[in-house]
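Analysis of the macromolecular model
One letter stands for each residue in the lines below.
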Amino acid sequence: ATLSIQAVETDQVTGACQALLLNNRTVEMAVECISPNSCGAASNQVNSTPVSTNGSGMVNSFSDVTLNFGDASSSTASFTNTYNDAGTLRLWARYQLLNSSGAATGNVIQGSSNVFVNRPAGFCIESPDANWQCSAPALNAGCSAFKQAGDNFNLLVTAKQANGASTDYCSHGTTNNFNNSVDLSHNLISPTASDGGEAGNFSLTSINLTSGTGNSAVNFSEMGVFTITAGGNTYFTETLPTNSSVN
């Protein structure tokens, strides 16, 4: 996400706000993980600089980050924040105030962002059972039978990180801090309705993910080739993405 930061002070003559920091300045920054209240193994970067992560209410580890606040007409530094997991976060920044000689005064200015949500980039939907994929569905497809209608199989849904422009989420890293239910739906691929196919029912409408992963026994009430779609429900204040399995 692209964010911005500004430091201001009160003009002692006019009483108006004016820029406190201009040009390139080194600011101490930190991440506070709100929910879950521990960041675990998650990492954060501001631009390309790693920034320390802290548990909720325990922000004591900061990292130096150089930001460009521009001139007096802007006095705002824009930066890209990249957190590689899911949850709610708060960013902190502080700056050691200097005297006219450039020496530290021992005083600091400090502030924090609002709490914001980092959601998974997508979901991997698959089965750990053998022979579950059908790559060429059709009435005369050569796919071997996986299960009979009504027979259970294991469904595995995993919340995933972004990885550039890739949408092959099953090859991405897992967002281990994601703990939430995820909506499920199914889609009939073959035979189509015009060929007499019926979508029937899928035995599960949502699945609970813990540490980014959920596993459950499920079944289809009808025969055919299907895909399963996960996501689209609410995660804190955000809507989760939707992704579908292969056939």
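Everything in this summary refers to the structure shown in the same document. (Residues numbered from 1 in each chain as written. Predicted model: local features only at pLDDT ≥ 70, side-chain atom pairs only at ≥ 80, totals over all residues. Heavy atoms only, no water.)

1. Here's the deal with the packing of aromatic side chains
How we decide: Aromatic contacts are taken between Phe, Tyr and Trp rings whose centres are within 6.5 Å, Trp giving its six-membered ring; a plane angle under 30 degrees counts as stacked, one over 60 as edge-to-face, and the others as tilted. Here's how the labels work: a residue is buried when its accessible area is under 20% of the maximum for its type, exposed when over 50%, partly exposed in between, all with a 1.4 Å probe on protein chains only. Charges are assigned to positions over rings by a cutoff of 6 Å between ring centre and Lys NZ or Arg CZ, combined with an angular limit of 35 degrees from the ring normal.
Per the stated rule, a full pass over the model turns up seven aromatic pairs. When the ring of phenylalanine 220 is compared with that of phenylalanine 226, the centres are 4.2 Å apart and the planes differ by 10 degrees; the resulting orientation is stacked. In this structure phenylalanine 226 comes out as buried when scored by relative accessible area, which is 8%. Ring-pair connections join several aromatic residues into one group, and the members of that group are Phe146, Phe153, Phe202, Phe220 and Phe226. A cation over an aromatic ring shows up here: arginine 94 above the ring of phenylalanine 62, its NZ or CZ 3.9 Å from the ring centre. Across from the ring centre of phenylalanine 146, 5.7 Å away, lies the NZ or CZ of lysine 147, which sits over that ring.

2. Focus on the sheet that holds strand 17 (residues 225-231)
For clarity, the cut-off: Two strands pair if DSSP finds at least two bridges between them. Here a helix means four or more residues in a row that DSSP labels H or I, a strand means two or more in a row labelled E, and each is numbered from the N terminus. Orientation is described by axes fitted as lines to C-alpha atoms, over the contacting stretch for helices, and by angles from 0 to 180 degrees between their N-to-C directions.
With respect to topology, four strands assemble into an open sheet ordered 15-14-17-20, the strand pairing being antiparallel. If you trace the sheet from one side to the other, it starts and ends with strand 15 (206-209) and strand 20 (242-244), each paired once. Pairwise comparison of adjacent strand axes, ignoring direction, gives a mean angle of 30 degrees for this sheet. Pairing of strand 14 (residues 180-190) with strand 15 involves four bridges; the strand directions are antiparallel. Along strand 15, the bridge assignment pairs serine 181 with asparagine 208.

3. Section: the pattern of salt bridges
Applied cut-off: We define a salt bridge as a side-chain nitrogen of Lys or Arg found within 4 Å of a carboxyl oxygen belonging to Asp or Glu.
Here the structure, examined in full by the defined rule, presents two salt bridges. With a shortest N-O distance of 3.3 Å, glutamate 28 and arginine 94 are connected by a salt bridge. Here glutamate 28 is found in strand 4 (residues 24-35), whereas its partner arginine 94 is found in strand 9 (residues 87-98), with 66 residues between them in sequence. The partner of arginine 90 in a salt bridge is glutamate 32, and the shortest N-O contact between them spans 3.1 Å. One end of the pair, arginine 90, is in strand 9; the other, glutamate 32, is in strand 4, with 58 residues separating them in the sequence. For glutamate 32, a relative accessible area of 5% gives the class buried.

4. Some details on unusual backbone geometry
Here serine 35 and proline 36 are connected by a cis peptide whose omega angle stands at 0 degrees. By the secondary structure assignment, proline 36 is in the loop between strand 4 and strand 5 (44-46). The step from serine 190 to proline 191 runs through a cis peptide bond, and the omega angle for that step is -5 degrees. Mapped onto the fold, proline 191 is located in the loop between strand 14 and strand 15. One non-glycine residue with positive phi stands out, namely asparagine 23, at about 60 degrees. Within the element layout of this structure, asparagine 23 appears in the loop between strand 3 (17-19) and strand 4. Classification of asparagine 23 as partly exposed rests on a relative accessible area of 49%. A positive phi is found at asparagine 131, a non-glycine position, where the angle reads about 70 degrees.

5. Focus: the side chain of glutamate 32
Rule in force here: Any pair of N or O atoms that falls within 3.5 Å is considered a polar contact. Within protein, one atom must be able to donate a hydrogen and the other to accept it, and sequence-neighbouring residues count only if both atoms are side-chain atoms. Contact criterion: two residues are considered in contact whenever any of their non-hydrogen atoms come within 4.5 Å of each other.
Of note is the side chain of glutamate 32, whose polar atom sits 2.7 Å from the backbone nitrogen of glycine 57. Every residue in contact with glutamate 32, bar those within four places of it in the chain, is listed here: Asn54, Gly55, Ser56, Gly57, Val59, Thr88, Leu89, Arg90 and Trp92.

6. Let's talk about the sheet that holds strand 13 (residues 153-160)
With antiparallel pairing, the three strands of this open sheet are ordered in space as 12-13-16. With one partner strand each, in any of the chains shown, strand 12 (122-126) and strand 16 (213-218) form the two edges of the open sheet. The sheet shows a mean angle of 20 degrees between the axes of neighbouring strands, direction not considered.

7. What to know about the state of the cysteines
Condition: Defined by distance alone, a disulfide is two cysteine sulfur atoms within 2.5 Å.
For the coordinates displayed, the defined rule picks out two disulfides. A sulfur-sulfur distance of 1.9 Å marks the disulfide that ties cysteine 33 to cysteine 39. One disulfide, between cysteine 33 and cysteine 39, carries an S-S torsion of 115 degrees and so falls in the right-handed class. Neither cysteine 33 nor cysteine 39 differs from the other in exposure class; each is buried. Covalently, cysteine 124 is tied to cysteine 170 through a disulfide, its sulfur atoms 1.9 Å apart.

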